[in-house]
Amino acid sequence: MRFLLVEDNLSLAAAVEDRLRMDGHVVDHAPDISVADDYAATADYDLILLDIMLPDGDGRDFLKAHRNRQGTTPVIVLTARSEVSDRVGVLDLGADDYITKPFDFSELEARCRAVLRRHGGGSSNQKRFGSVVFDPMAGTLNIGEKTVSLRNKELRLLEIFINAPDRIFSKSKLVDRLFSYEEDVSENAIEVYVGRLRKHLAGSDVEITTVRGLGYRMSLA
Amino acid sequence: MSRGLPTSGSIRRRLTLQLVGSAAFLASLLFVIVLSFTRDVSQQTHDSILAASATSIMDSVSVRSGEVSVDIPYAALSMLGNVSNDRVFYRIAQDDSVLTGYADLPLPDGAPPRGQPRFDTLHYKGDSIRMVTLARRVSLNGQVSDVVISVAQTREGQAAQLAELTRNALQLGLGFFMIAAFLAIWAAQSSIRPLAELAEAVSRRGPKDLRPVRRPVPSEMIPLVTSLNRFIERLRVSLSRSEDFIAEAAHRVRTPLATVRTQAEITLRRVERDENRASLREMIRAIDESSRAAGQLLDHAMVTFRTDSLLREEVDLGALSRELLNRLRPIAELKDIALHSDLPQTPPLSGDPILIQNAVRNLLDNAIKYAPPESDIQVILRKEGAELRLSIIDEAGGFPSGDTDALTARFARGANAEGTIGSGLGLTIAREVVEAHGGRLTIAPSQATSGPPAASPRREGSCVSLCFPMS
């Protein structure tokens, strides 16, 4: 996906960019509103991440202007203020959602997913691997005629595998990416989800294999 | 508002007392003047009749063959009988010898005036009498002799008349006093009214209304209103400055925290060694904890601030909960927690929407945070009598004790909170909000089988309810 990140704090912007690129997204970074205007005018983005306090103005002004020029790209506001007092203004001005700093990337991801789903984006994001068609936005898996609805953790696990076929993921890495840092989970919890995915994938030419002592890998049978 | 303030009397009472006091003084003065005037008039009338009687007797005095002879005309005494039924006395004397009449009728002190009638108020036979004395000099056998005529009448009739006059004067004075007192109270009331109106207009304002007072006031009140406006302006500036300060402070603290957290997440993806990974996880947890605590402390400060002067607006609890659920759904989905809601249309309640939203959000946050993955959370709104009850039912195992007070104390956390990030202010905030609205927060173990869809067999949990009274 293609992101426009409007954030004046350069180290935070760099970190967010790095983190988004890790998941294979394309990111343009605008440090202020005027650069953001230029970017928004010249390229199409799937999502705009917008900070509120910017050196050359208020992020809400950009939001208003964006909506006034019929910009349909969904906007998620990054706010550092108290959730309550900012909420009203931001959502009323046409933001699709907001997230408070510091944020959990899986929460940001979940919010992006929810916003894009609401905007009806998705079909272009379908991923095909072997005989399996996976729609991360809708959370569905198609194997031939069969359609399976995935739970959130199953969906994210499948996304991790499908984005890097044949790569071996250790249990601990998968735990990091699947569970929030609040949850104390044993690495064995991963086995439950891998087991469920295997059941969903039964009948296709895709299989998840256990590499003893190293982890799991998804590949074509 | 003035409760507990020392008062230095009431302007209205003082004004009323002063005006009523003046009215009383003027009424008494009026009474005295009217009384003395009418008394004089009545006395003069009486006196002139007495004088006429004495004069007509005097006219009948003649000197016949060297002797004074008096032929008292009938009318002289009967005219007095016309005035009242009082007894009449008379005496006719020549020099020192009484010719006829009551010899013991007291004589006025001093010489009788010549030509002019003299009036006296005296006592005779135990009664008060009014007496006129008239003297005339006659020549008798070449000698000068004084004929003195006194006519007197008891004063009972006059006293009765005087009592009547006094009563009339008293009624007049009292009537005047009543009218004046009524006007005084009205005047005090109406001169104090602009002050009362200003006070009401200011106290009727919502807690967020910091506009200057613009209503027209009497010129005497201009200095008061000017200083009030200056005060309001200072308050507004200082409030907005502290709001800006909090926003700025939060921004300054949270932005670097966000950088650190993101970097830590990236690093966690890259490092392989288990002990490094464990410390990175710890780091992220600490960041989450501090930012959540900061957020809840800010929330709590705001709740305390706003409950001091509660805003009253119509709040649709169902719509508000629905919006919150939509917002929290992505987070719940991360743990595969299903949020079910049963939010029928209910009458609005009156309160501060931001506070109520904050309370519900804190409860939902808690529920999502403590609930196990792949569990259900139900949000149910019911109208129960004169109450709206919003219940949040989770499957988090329930609170160890049902002691609401202990659980909602600041920074208290249930025993199942082990290993979960939180500052323990969520329930406190919710409770303070609902109590500020005159409601209550209850915590109960949730029953096993009530309510809509339970996808998986229901596990034990708790049911936290906010009960708001309807206006």
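Keep in mind that this is a model prediction, so the values were computed, not measured.

Q: Can you help me understand the overall build of chain A in this one?
A: A count of helical and extended segments in chain A gives eight helices and 14 strands. Taking as baseline every contact in chain A between residues at least 6 positions apart, the subset at least 24 positions apart corresponds to 48%.

Q: Explain the sheet that holds strand E9 (residues 132-135) of chain A to me, please; I cannot follow it from the model alone.
A: Strand pairing within a sheet occurs via backbone hydrogen bonds; the two strands may be parallel or antiparallel. Residue and element names in this part refer to chain A. Strand order in the open sheet formed by four strands is E8-E9-E10-E11, and the pairing between neighbours is antiparallel. This sheet does not close on itself; its edge strands, each paired only once, are strand E8 (127-129) and strand E11 (146-149). If you compare each strand with its neighbour and ignore which way they point, the axes differ by 20° on average.

Q: Explanation requested: the pairing of strand E11 (residues 376-384) of chain B in the structure shown.
A: Regular strands place their side chains on alternate faces of the sheet. All names here are of chain B. Bridge analysis of strand E9 (residues 338-342) against E11 gives five bridges, and the strand direction is parallel. What sits directly across from His340, in E11, is Gln378. Note: E11 against strand E12 (residues 387-393), seven bridges, orientation antiparallel. Bridge pairing links Leu381 to Leu390 in E12. Linking E11 to E12, which pair antiparallel, is a turn of two residues; within it Gly385 sits at a positive phi near 65°.

Q: I'm lost on the confidence of the model for chain B in this one. Help?
A: For any part of a model where pLDDT is low, the fine detail of the predicted coordinates should not be relied upon. With 90% of its residues at a pLDDT of 70 or more, chain B has an overall mean of 83. For this predicted complex, the interface confidence reaches an ipTM of 0.83, while the overall pTM sits at 0.65.

Q: Explain the interface of chain B and chain A here, please?
A: Reports often express the size of an interface as the amount of accessible area lost when the parts come together. Across the boundary between the two partners, chain B contributes 39 residues, which contact 33 residues of chain A. Those elements giving two or more residues to the side of chain B that touches chain A turn out to be helix H4 (222-270), helix H5 (274-308), helix H6 (317-334) and helix H7 (353-370) of chain B. In terms of residue count, H4(B) provides more of the side of chain B that touches chain A than any other element does, 15 residues in total. Along the lines of polarity and charge, the residues of the side of chain B that touches chain A split into 15 nonpolar, 11 polar and 13 charged.

Conventions and cut-offs
- Residues numbered from 1 in each chain as written.
- Chains lettered and ligands numbered in written order.
- Predicted model: local features only at pLDDT ≥ 70, side-chain atom pairs only at ≥ 80, totals over all residues.
- Helix = DSSP H or I, 4+ residues; strand = E, 2+ residues; numbered from the N terminus.
- Contact = placed C-beta atoms within 7 Å.
- Pairing = 2+ DSSP bridges.
- Axes fitted to C-alpha atoms, helices over the stretch in contact; angles between N-to-C directions.
- pLDDT = per-residue confidence, 0-100.
- Nonpolar A, V, L, I, M, F, W, Y, C, P; charged D, E, K, R; others polar.

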